[in-house]
Amino acid sequence: MIADEVRAAVGAVVDPELRRPIDDMDMVREITVDDAGTAHVSIVLTVVGCPMAQKIERDVGTAAASVAGVNAVEVTVGTMDPVERAALVERLRGARGQRGERFGKRSRTRVIAVTSGKGGVGKSTLTANLAVALAARGRKVGLADLDVHGFSIPGLMGLVDATGAMPNPTKIDDMILPPVAHDVKTISIGMFLRGGSEGQAVAWRGPLLHRTVQQFLNDVHFDDIDVLLLDMPPGTGDIAITVGQLLPQADVVVVTTPQPAAADVAVRSGLVARQTGQHVLGVIENMAAMPLPDGTVLDLFGSGGGQAVADALSTDDEHVPVLGSIPLSPVLRQDGDAGTPAVLADPEDAASRALASLAQRIDELAPRRRGAQNIGHTGEPAGATTRA
Ligand SMILES: Nc1ncnc2c1ncn2[C@@H]1O[C@H](COP(=O)(O)OP(=O)(O)OP(=O)(O)O)[C@@H](O)[C@H]1O
């Protein structure tokens, strides 16, 4: 029957935010094909005013029209009722285990926290590039910006508009969908600040910060990702300790410059991570010497910092390697400013190549044992757009 073929084609359309076929989510309703060859396709969206409505409708129309014998398509779009939506949310959560255990010991998602001793060493730039490089290697990747001192990930991933405003993530009931950028599910705590305050540093402290990070990690629906990268705030403050407590099974990568003077603070951030039970996967040296076209080398920050940090973090039981050294690169900065990470925009740049190798190395390193602690649930971060 043609209608069955249309149903199969339409059902395979992928929801751009949930990244699942719409049939998996019970979004396809009645489908008939009349004698004139017109397919009447009825679908329901999860929420009223779904920002992806037009794209889904277009993709559904195209899919139906691709079936032999279909001459025209009429798509009717409705919205799930609260009961249907609640059932969907339960099913989506169920696919990843109970709420509160999303990144716990039974999770197959590998969590990698990227940290640094001090600000400005390029941690966010490297994290964004690593995320897209891992996605380009076929991994399903999530990227969470926890750097409350300055939310740079949305800008680096091209998610801010001309005014610098971040998108409001879609909510299905209390489930928050991370916007997808360059194939990476990307979320920033900055997206939950009240309108107009995106540029402000967040002055949350202790318990509030802890609760907010906890809610954030719980309510954001990353679904079945292979890797979750966390862009941590620099240093050893409240967030580092909170994340260490919530995600003791996470791997930690420490970013430092080659400058020996920067090494001490970087070592401290690795030690704090280890104290909370996290595993220090290795050190990334950024802003390393840059070869110039005339054959000379621009060595702005000296050398040896990465190795010094790795040596200081190594113990008799645990060798901490330098995972990679990323050279200074104006291209890396420019592409970051323009919102397309250099590994995508300029893959032949020396820094991009070094980052691609780094992603491969991290990807191939066996994830370590899982910790035993799970995340609890206490509510939701303020400020997400509720479209239901
Ligand atoms: N290898 C590099 N070559 C040239 N510029 C770089 C390099 N790495 C990062 N940068 C630039 O350095 C600046 C700081 O980078 P970034 O914001 O990623 O640092 P950060 O460590 O995350 O800082 P903070 O923690 O303060 O947010 C940015 O302008 C970025 O483009």
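Residues numbered from 1 in each chain as written. Predicted model: local features only at pLDDT ≥ 70, side-chain atom pairs only at ≥ 80, totals over all residues. Heavy atoms only, no water.

- In the annotation of an unreviewed UniProt entry, the entry for the chain reads Iron-sulfur cluster carrier protein, and the organism field reads Microbacterium horticulturae.
- What UniProt states about the chain under its Function (unreviewed entry) heading is, verbatim, "Binds and transfers iron-sulfur (Fe-S) clusters to target apoproteins. Can hydrolyze ATP."
- In UniProt, the chain has this text filed under Subunit (unreviewed entry): "Homodimer." (UniProt positions renumbered as here; feature names shortened; annotations may be inferred.)

## What to know about the site of the ligand
Working step 1: Close contacts around the ligand come from 16 residues, with Gly120, Lys123, Ser124, Thr125 and Ser329 the closest.
Working step 2: Contact distances for the ligand include 2.9 Å between an oxygen atom and a backbone N or O atom of Lys123.
Working step 3: At 2.9 Å from a nitrogen atom of the ligand is found a side-chain nitrogen or oxygen belonging to Asn286.
Working step 4: The fraction of the free accessible surface of the ligand (630 Å²) that becomes covered by protein chains is 78%.
Working step 5: Mapped by element, the contributors of at least two residues to the shell around the ligand are α4 (123-136), β12 (279-288) and α10 (330-338).
Working step 6: No other element matches the three residues that α4 contributes to the shell around the ligand.
Working step 7: Classifying every residue of the shell around the ligand by side-chain character gives six nonpolar, seven polar and three charged. (Near = heavy atom within 4 Å. Polar contact = N/O pair within 3.5 Å; in protein donor to acceptor, adjacent residues only side chain to side chain. Areas by Shrake-Rupley, 256 points an atom, 1.4 Å probe, with all protein chains shown as cover. Helix = DSSP H or I, 4+ residues; strand = E, 2+ residues; numbered from the N terminus. Nonpolar A, V, L, I, M, F, W, Y, C, P; charged D, E, K, R; others polar.)

## Focus: the UniProt feature "binding site: ATP" (unreviewed entry) in the chain
Working step 1: With numbering aligned to this structure, UniProt lists the feature "binding site: ATP" (unreviewed entry) at Gly117, Lys118, Gly119, Gly120, Val121, Gly122, Lys123 and Ser124.
Working step 2: On the secondary structure map, Lys118 appears in the loop between β4 (110-116) and α4.
Working step 3: By relative accessible area, Lys118 is classed as partly exposed at 38%.
Working step 4: Apart from residues lying up to four places away in sequence, Lys118 is in contact with Pro234, Gln259, Ala262 and Val265.
Working step 5: Among the structural elements, Ser124 can be located in helix α4. (Buried < 20%, exposed > 50% of the residue type's maximum accessible area, 1.4 Å probe, protein only. Contact = heavy atoms within 4.5 Å.)

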